[in-house]
Structure formats: C-alpha cells, structure tokens
2 protein chains.
Amino acid sequence: MDLIEQLTQIVGEKGILLDEADMQGFVVEWRDKFIGKARAVVLPKSTEEVAAVVKACASSKSPLVPQGGNTSLVGGSIPFTKGDEIILSLRRMHTIREVDRLNGTMTVDAGCVLANLQQAAEEVDCIFPLRIGSEGSCQIGGNISTNAGGVQVLHYGNTREQVLGLEVVLPDGQIWDGMTSLRKDNTGYDLKQLFIGAEGTLGIVTGAVVKMYPRPKYQQVALAAIPSVAAAVEFLNLARTMSGDQVTAIEIIPRIAIDMVCRHVPNFADPMPDKYDWQILVELSSSSTEDLSGLMETILEAGFEQEIVIDAVIATSEAQQAHIWNLREEISGAQKPEGGSIKHDISVPVSRFADFIREADIAVRKIVPNFRSVAFGHIGDGNVHYNPMQPLDMDKEEYLGHWEEVSRVVHDIAVSMRGSISAEHGIGRLKSDDLVLYKPAIEIDLMHRIKKALDPDGIMNPGKLLK
Amino acid sequence: MDLIEQLTQIVGEKGILLDEADMQGFVVEWRDKFIGKARAVVLPKSTEEVAAVVKACASSKSPLVPQGGNTSLVGGSIPFTKGDEIILSLRRMHTIREVDRLNGTMTVDAGCVLANLQQAAEEVDCIFPLRIGSEGSCQIGGNISTNAGGVQVLHYGNTREQVLGLEVVLPDGQIWDGMTSLRKDNTGYDLKQLFIGAEGTLGIVTGAVVKMYPRPKYQQVALAAIPSVAAAVEFLNLARTMSGDQVTAIEIIPRIAIDMVCRHVPNFADPMPDKYDWQILVELSSSSTEDLSGLMETILEAGFEQEIVIDAVIATSEAQQAHIWNLREEISGAQKPEGGSIKHDISVPVSRFADFIREADIAVRKIVPNFRSVAFGHIGDGNVHYNPMQPLDMDKEEYLGHWEEVSRVVHDIAVSMRGSISAEHGIGRLKSDDLVLYKPAIEIDLMHRIKKALDPDGIMNPGKLLK
C-alpha cells in the first residue's frame, strides 16, 4: 500500500486533499510571498490520527509540514516546490477540552483558533492574554510552535510563558502526553520548552494546557509627547513603579507616522494638539483600580516633573481610547501609499533602544541619503518595527533594490547590541540564511544536535528554521 | 601530565583542594544525609578557567560534579563514594558584572550568593524576586540549575521565569555565550531552557542575565480562617481579582500546626482569637497602593459574604506582620519535638488541592491509623508540604519505618491527579529511582536522548537526576 493509501485509510476520504485546487489555501502564503507544492494535505481529527499519519510518513521517511492557521510571516508553514511534502493541518482539531477556572487553566486542541481561546476565557471572567493581528484565524498550536508575541507581552510575557503543558506527536509517531497544569514541577528536563518556538521541526503540537488571568475590568489610555526616544524607557520604568505594575502597553510612535496616518486614514484627526517628534501610547489596565484616569494623571505629572514628558492627552471616553489605539494600528497601512519600506522585526535591550534607532538611521542614510526613518512599536519589550521608507522622490523598485544591503546593516547593528533579528516572527524560510549568518556556530551546532536527537531522519518541517 | 597536575596548572595551587579535611565542606550534605568522596575540589576564578577544567576532565572522561552553595535538599551537589569525581565549585566566581536599571536586568557570575543579587537589585530600587530559606548561602548558578521556587512564585514565577540569558560551559569544554537580555527573541530553539533545571547534567552554568522588578513599597499581611481547604483556592481567585494581581503570597496553615508552634516556640501567641481547622496567610504587596490595609479589609469582607472566610486578623503593624509570617516559618521547626514526620514536596493543580489532602489522609490512615496530618504551604502554586506525623503514642523509629510505604501512596495520589513528586527541590540522588517509577518511559527516553546529544560521554554530574 503506498503512502497516500495509508493516509487515506487513517483519516478517511474527507480527511485528505489531493487535488491541486483543493490544496491551494494550504500551499500559498497569505501575502503570496511563498508558493509551494504538496503531495497531499491531511486533516486528522484526533491526536491518535496525527500519530498514525506521522508513523506512516516516518516509515517511508516522507517529509511533513505541520500547519495551523497558515498565518506565518516567514513562510514557516508553506512547503517547498518539489511536491514531495505532506501538509498536516490541525484545523479539524478544535475542541476546547476543559476550562478549569479555579486552577486558572484551559486544556485545548492545537487547532483551536486563538480568538476561541480568548472567548472561552472571557466566559469565566478571565482572559487569555495573547493578542495578535491574526487572532481570528491563527491557531494556538501555531502560536506555541512560533512562541508568538503581540501587544501584551510587556505585562503577560510571550506565548512560552502561557504554556503549562503540551501534547506532542514525536517524529517517530509516538505521542508524548505532557499535559500537566502545574505551576511548579522540578522533575527533570522541562521537555515542553523544546517544542515551544521550534516551528514544527521537532514534533507536532496537538494539545496544550495554557494559563488564564483575572480579567482587567478597567482600562485607560493616554498619548504622551516625549523629548527623546530615551525618555520613553525612563517613562516606562516610572509608570510601572507608580502603577504597581499595571502598565499593559507602551508603544512608541514617531511624528512621521502620525502625519502619514492623518494623510491617509479618512477623517483621522491628530489626537495631539501640538506637533512633537516622539509620542508614546500608554495603557493601564486593572481588575481593581477604578480610578485609572486619576492614576494616569498622577503618573504623567510625575513625568512632567522629571522632564521625560512634555505634553499629554488622556482619553476621556472609550471612543477616545479607541482613537489613540487606531493611530497605532493604522501605521502599517498608512505606510503603503507613501511608497516602499524595508521591514525589520528587531529587538534590543530596552536600555539600548534609543542608541539603536540613532545608529541604524546613520547607517541607512549612508546607503539611501534621504530615506525616511519610521520606527515604532513595542518599546516596552525593546521590540521595534524599524521600517525605513523610500525618499519621496525615489522610484519604489529602485529603493526596494536596497533591501538586502539595508537589512544587513540594520541587523548588524541590532546584533552588535546583542539584539535579535527576529523578535516575534521566527525564522521559517525567510530568515534561515540570516540565522546561520548571525548565530554563533556553537548555537547552530547545539540546535542541530537537538534536532538530530529528536528527528534523526529529518522529516519534520525540513528546511525551515535550520537548513 | 596527570589530570590533577593539569587542573593545578589551570587554577593554581590555591584553586585546588586535595586534602580530605579541606574537601569536607564540599562532600557532605548539610544535614549529613549524603556523604561522598571526591578526587579533588577545583575552584576556578573565571569562565575560561571553568572551560579549561572541563576540557581537561573531558579528555580523560573524568566525571565532574558542579557545585554552588551546596544547599541541595536532594543530594544533587554531593559526589558518590567511589572518589573518582572532581567537584567544580563556582564559589570564587562571585562578581555582579552589570546592573542595567533601565533594562531591568542584572548580569552575574554563577557563583554569586542569592542574597547579594537581592541586595544589588535593592540598590537601584528594584527587587530580584527569588526568596528561599537558603538565600544567604545558595548561589544563583545552583538556583538556575535547580529552577528554585520559594514563597514568591505565585506572583513572580520560578527561577526559570527570571532568566533571560545564560553562559554555559558545555561538557566538551566549549563556552556557550548566550548572555542576551532580550524580552523577545524568536531565532531558533531556546537553548537556555535546556540548562535551567537540568541539575548540572548538561553543562555548567557560569553566568546569567536575570530580571529585576519594581520594588513593592507597601505590604500588608492577614491571617484568615476558612471553612475548608477548597475555600482557600476560591479566596485566592477572589483576592487576585480584587487586588489587581497584587497577591504575593497565600500560604495554608492547619490548626495542628498553629498548636505545635504555640507549644514549642517560646512566648508565641496564637494570632487568631478563636480556633479553626484551617487558616490562610495572605500577603498583598504594591509599589503604588498605599492603603493596602483598606484593600485587605475589602477583600476579606467580600470573602465573608461569599462564605469562604469565617474570621480574620489584619496586621496593624510591621511587628504583627512579622508575627503572622513567623507562625508560617516556625512550622517545620515545631514539628521536630512532636516526633517523626514523613516529608513530601508535592504539587497538584490548584483546583485539586482539597481533594489531594483528603485522599492522601485516607490513604495514610490505612497504613498508620492514628497519624497526625500536617499539610501546609504554597497553596497559590498547588505546592503542599504534606508531612504526615507519627501518632503521639508510637515509637519514632517504628513510624519512620513506614516512610517508603507512606511516600509511595502519597506520590501515587499526587501523580493520579497529574501532580508532581518534586515541586521545588528537584531529583538529585534522593528521587532518581522515583523518577523512573513515575515518569512515563517516553519522557525518560527523551531526557536520555537530550543528555546523549549534549554529554555523550556522560561526565556531567553522572548518576544525578538520570540514572
């Protein structure tokens, strides 16, 4: 019996796609950046079916690409073009197995859509704190396999911090049931850590136990003008201390980004009455303090006194809160009509944030003298979307022709500050060459040793992350 | 040149101990539970010296025992009795390399004593949140290698959560410099996770970058009587929500423990006016809310209304706060004059806490009908010190003769609830047989595969954790 017959027997006729048209949604990256070819797409309905599929593939050493919501930004879930890979989609495994309010945990299938986890937590007056743009379609298994970040990392941590237990089908088809929900367990190597962020190269996550948190009932947002990038970091520490660690977001926004949003988003009014070079969006959240606007005012006043805040607007209604958040969220979209931009997903130590932007600007200017510097994002985590834009009078394609050169100097600077070339998005296919370029050989070697120990035949998502 | 000569050349005459009397403090467990024998104790002064020592040992496949403050509770840092092992003590590597207030991080040598880290953080108005009984002598390298827990895990997490970067000497003597201080970095497998909690079996931690937090300026403590063990868990959720996550400790204390403390600690007065079966110590901490006693009162009142609190005492002075904490801290000591107790370091899902105590009591009673149940500890983490005590009229040695039988049923019950047989203390030598007994074979196999991938000759702390 050939592999396809075996797989069909395991998942049934309805659980396997062989027709190219049917496979289309699974082999194409959502921005069309990567287009691959698969031998088949299998859609198992249970952990046991996943295990049987992997066993069948392992026995013929057939490569497997695990896939969640297919929202990767680095091509991690797209097969190559040879057409010999089997895509294993988790989308039919979407049961929330248990919500344990007292223990503050949820036990879920890997194929559950992130938004469904958020909703299940809300139903017991809790939250699941992972919030990312693709939450309506990405799956928790993919979030775990890529250690997804998002806007609330500052307060709650990355996906890694949300995972207490995992269920994984190993590359030989064995099921590892590591579904504990303990806060403390020191009985040997913490195996789940291996699979979190491994981008499906060590096994297939089929289930997880994740944490929930008390739901913050009150929220307050302000936009504050600051005298320098460095002041943002000082302000973060001030706000964190004065609020009793109730800062849930600090996002930095440059003047140029506000101007672009005002230009391109219909009827969008600048929330700030005057014009400053740098702004920060500050969000406080609490499950207890009702008077958050009083607290926000006190913190901002202390910022004025320390001369790390020069002007500020506090939202006085939910509409105004949304208005300030919109400003932040519209930046990416507003960049598009302004021409080409070269995107980076950088992190540096928070204390080096200002240095990074200054040095990167100088370096990029040497390549494209009149480029426009657009740097915004999660300053609280040291995670900058550093997206230098083309000069107004330059041809877009000519500018984008500098991508590699610009990226190289930007990454060089980040790495010289012990920063990361991929803070949130992972490596996938997009950055697997860069990984070898920037990681010390000893780390690459350690990764290969781990890979070999768990997946000696190299059938799990080959060519992704590690080449 | 033989190994001892090589080592002497690396660390100098003063850096090596060969005389049995000099080695005494390194080969004996502090409670005399394990007494070993070493070929030599080497005390390198730098990472490079550690690397050279390991290289020398690796070339002759000589086993190494890494040692921090030698405060292990499971014999993890004590050599066996054959006398062929080299102890590598980190105690001469005790430099705090950098304190980065803005980034909220410290970069430290592995041999720094925990209390010195706490102090260095306080000097910049921050805290390093790991607090354990041995903090005056244990070292951060040991804390990391055992993923130490303690009383503040509820709020800040285990040691694992405090580590951003690591420097490790690998079993072949290579130095892995993974000393990043990033909050977000998704560039491949998170290698540091391998070494955290590995009890020195995969390499020697020589340095680390750890997190600091805003210093809580205000603290409030109460002792509340609760109608049942289950109520403690309900109360935890209530307090967490109402305080905006400012609960830093919830410890459960049974009546029998209060009675013992009152009996054996001179002049100790019961803080509660009336006698109840179960009490909880509740601590709130905040860097912002001054009126924590008002908040504590509000939370306790809500507890009364929901009938999960039946009486309470709020500390009105620092002396009273200390008095309530003393009650908790004196329990272990007060157990001693009462006779033998069989100790366990159990964790279960928080929601199963009440079930665990009930079922364990029933099971132990079948072995020793009149035993006295003493269960106390970190209920917020589901981590119970379940220490059943001898009946008053039984011989101590006779009672302790039941240790294995009692431990077996207690561990069986914990594991049946997907709990842990070692929540905080690790495996070391004490529980390496239990590990094989209770861990699924697939986990033991995965651990061996990791061990083999990193330490193929098995020279790093052999016989600890994994047999």
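Residues numbered from 1 in each chain as written. Chains lettered and ligands numbered in written order. Predicted model: local features only at pLDDT ≥ 70, side-chain atom pairs only at ≥ 80, totals over all residues. Heavy atoms only, no water.

**What about the interface of chain A and chain B?**
Logical step 1: Each side of the interface is counted separately: chain A has 82 residues, and chain B has 82 residues.
Logical step 2: Scanning the region where chain A abuts chain B turns up ten salt bridges.
Logical step 3: Ionic pairing is found between Lys184(B) and Glu424(A), a salt bridge with its closest N-O pair at 2.7 Å.
Logical step 4: Taken together, the links from chain A to chain B amount to 48 residue pairs in polar contact (both at pLDDT 80 or more).
Logical step 5: When residues of the side of chain A that touches chain B are traced back to their parent elements, those giving at least two are β9 (175-178), α8 (192-195), α9 (229-243) and α18 (441-454) of chain A.
Logical step 6: Among the elements that make up the side of chain A that touches chain B, the one with the highest residue count is α18(A) (nine residues).
Logical step 7: When its residues are assigned to classes, the side of chain A that touches chain B shows 30 nonpolar, 32 polar and 20 charged. (Contact = heavy atoms within 4.5 Å. Salt bridge = Lys/Arg side-chain N within 4 Å of Asp/Glu carboxyl O. Polar contact = N/O pair within 3.5 Å; in protein donor to acceptor, adjacent residues only side chain to side chain. Helix = DSSP H or I, 4+ residues; strand = E, 2+ residues; numbered from the N terminus. Nonpolar A, V, L, I, M, F, W, Y, C, P; charged D, E, K, R; others polar.)

**Details of the sheet that holds strand β6 (residues 105-109) of chain B**
Residue and element names in this part refer to chain B.
Logical step 1: What the five strands build is an open sheet, ordered β5-β6-β10-β8-β9; its pairing is antiparallel. Each edge of the open sheet is held by one strand with a lone partner, namely β5 (96-100) and β9 (175-178). The sheet shows a mean angle of 10° between the axes of neighbouring strands, direction not considered.
Logical step 2: Pairing analysis gives four bridges linking strand β8 (residues 163-169) to β9, with the strands arranged antiparallel. (Pairing = 2+ DSSP bridges. Axes fitted to C-alpha atoms, helices over the stretch in contact; angles between N-to-C directions.)

**With respect to the pattern of salt bridges**
Logical step 1: Scanning the entire structure with this criterion turns up 56 salt bridges over all chains.
Logical step 2: Here Arg97(A) ties to Glu167(A) by a salt bridge, and the two come within 3.0 Å at their closest N and O atoms. Residue Arg97(A) is found in strand β5 (residues 96-100), and its partner Glu167(A) is found in strand β8 (residues 163-169); the two are separated by 70 residues along the sequence.
Logical step 3: Taking relative accessible area as the criterion, Arg97(A) reaches 34% and is therefore assigned partly exposed.
Logical step 4: A salt bridge links Arg160(B) to Asp190(A), with the shortest nitrogen-to-oxygen separation between them at 3.3 Å. Residue Arg160(B) is located in the loop between α6 (153-156) and β8, and its partner Asp190(A) is located in the loop between β9 and α8; the two belong to separate chains. Asp190(A) shares its class with Arg160(B); the two are buried.
Logical step 5: Connected through shared salt-bridge partners, Arg255(A), Asp259(A), Asp270(A) and Lys275(A) make up one network. (Buried < 20%, exposed > 50% of the residue type's maximum accessible area, 1.4 Å probe, protein only.)

**Some thoughts on the sheet that holds strand β3 (residues 64-67) of chain A**
Residues and elements named next belong to chain A.
Logical step 1: A sheet is described by the order of its strands in space; here four strands give the open sequence β1-β2-β4-β3, paired in mixed fashion. Among the strands making up the open sheet, the edge pair consists of β1 (16-17) and β3.
Logical step 2: When β1 meets strand β2 (residues 38-42), the two strands line up antiparallel, connected through two bridges. Its bridge partner being in β2, Ile16 is matched across the sheet by Val42.

**Focus: the relation of the copies chain A and chain B**
Logical step 1: Here chain A sits on chain B after a turn of 180° about the axis and a move of 0.0 Å along it, with an RMSD of 0.0 Å. Here the two chains are linked by the operation of a two-fold rotation axis.
Logical step 2: Interface overlap between copies is the fraction of interface residues in one copy that are interface residues in the other; for chain A against chain B it reaches 100%, indicating a shared surface. (Least-squares fit on C-alpha atoms with pLDDT ≥ 70 in both.)

**Observations concerning the packing of aromatic side chains**
Logical step 1: For the coordinates displayed, the defined rule picks out six aromatic pairs over all chains.
Logical step 2: For the ring pair Tyr156(A) and Tyr213(A), a centre distance of 4.8 Å and an interplane angle of 65° mean the geometry is edge-to-face. Residue Tyr156(A) is found in helix α6 (residues 153-156), and its partner Tyr213(A) is found in strand β11 (residues 213-214); the two are separated by 57 residues along the sequence. By the burial criterion, Tyr156(A) is buried, and Tyr213(A) matches it.
Logical step 3: Over the aromatic face of Phe80(B) sits the side chain of Arg429(B), whose NZ or CZ is 4.4 Å from the ring centroid. (Phe/Tyr/Trp six-rings, centres within 6.5 Å; stacked < 30°, edge-to-face > 60°. Lys NZ or Arg CZ within 6 Å of the ring centre and 35° of its normal.)

**Description of the pairing of β3(A)**
Along a regular strand, successive side chains alternate from one face of the sheet to the other.
Residues and elements named next belong to chain A.
Logical step 1: Residue alternation in β3 divides its side chains into two sets, Leu64 and Pro66 and Val65 and Gln67, and both sets are buried.
Logical step 2: For β3 and strand β4 (residues 85-89), the ladder comprises four bridges, and the chain directions are parallel. From the neighbouring strand, Pro66 faces β4, where its bridge partner is Leu88.

**Observations concerning the domain arrangement of chain A**
All names here are of chain A.
Logical step 1: Segmenting chain A into domains produces domain 1 (3-89), domain 2 (96-214), domain 3 (218-333) and domain 4 (339-424).
Logical step 2: Computed over C-alpha atoms only, the centres of domain 1 and domain 2 are separated by 22 Å.
Logical step 3: Contacts between the two partners involve 13 residues from domain 1, matched on the other side by 15 residues from domain 2.
Logical step 4: The junction of domain 1 with domain 2 conceals about 1,100 Å² of combined surface from both sides, 70% of it contributed by carbon and sulfur atoms.
Logical step 5: Of all residues in domain 1, the largest losses of buried area upon contact with domain 2 belong to Thr47, Pro66 and Thr71, amounting jointly to 37% of the total for that side.
Logical step 6: Between domain 1 and domain 2 we count two residue pairs in polar contact (both at pLDDT 80 or more) in total.
Logical step 7: When residues in the side of domain 1 that touches domain 2 are grouped by element, the largest group, seven residues, is from helix α3 (residues 47-59). (Domains from an automatic or database assignment. Buried area = accessible area lost by both parts, 1.4 Å probe.)

**Some thoughts on the packing of helix α1 (residues 3-11) of chain A against α3(A)**
Residues and elements named next belong to chain A.
Logical step 1: At their nearest, the axes of α1 and α3 sit 10 Å apart, and the two run at 170° to each other. By the angle between their directions, the pair α1 and α3 is classed as roughly antiparallel. Across the interface between the two elements, Leu3, Gln6, Leu7, Ile10 and Val11 from α1 touch Glu49, Ala52, Val53, Ala56 and Cys57 from α3.
Logical step 2: Along the lines of polarity and charge, the residues of the contact of α1 with α3 split into eight nonpolar, one polar and one charged. (Parallel < 35°, antiparallel > 145°, perpendicular 65-115°, else oblique.)

**Things to note about the nonpolar core**
Note that soluble globular proteins tend to have their nonpolar side chains buried in a common cluster.
Logical step 1: If you look at the biggest cluster of nonpolar residues, it comprises 132 residues, and the most contacted ones within it are Leu166(A), Phe195(A), Leu166(B) and Phe195(B).
Logical step 2: Discounting chain neighbours no more than four positions away, the residues touching Leu166(A) are Ile144(A), Trp176(A), Asp177(A), Gly178(A), Met179(A), Lys192(A), Phe195(A), Ile196(A), Val205(A), Gly207(A) and Ala208(A). (Core = buried A, V, L, I, M, F, W, Y, C linked by side-chain atoms within 4.5 Å.)

**So, the packing of helix α14 (residues 353-367) of chain A against helix α16 (residues 403-416) of chain A**
Residue and element names in this part refer to chain A.
Logical step 1: Contact geometry for α14 and α16: axes closest at 9 Å, N-to-C directions at 155°. Compared by their axis directions, α14 and α16 come out roughly antiparallel. The handedness of the crossing between α14 and α16 is right-handed. Of α16, the residues touching α14 (which contributes Phe356, Glu359, Ala360, Ala363, Val364 and Ile367) are Glu405, Val406, Val409, Val410, Ile413 and Ala414.
Logical step 2: In the contact of α14 with α16, the residues fall into ten nonpolar, no polar and two charged. (Left-handed = near helix turned anticlockwise from the far one by under 90°.)

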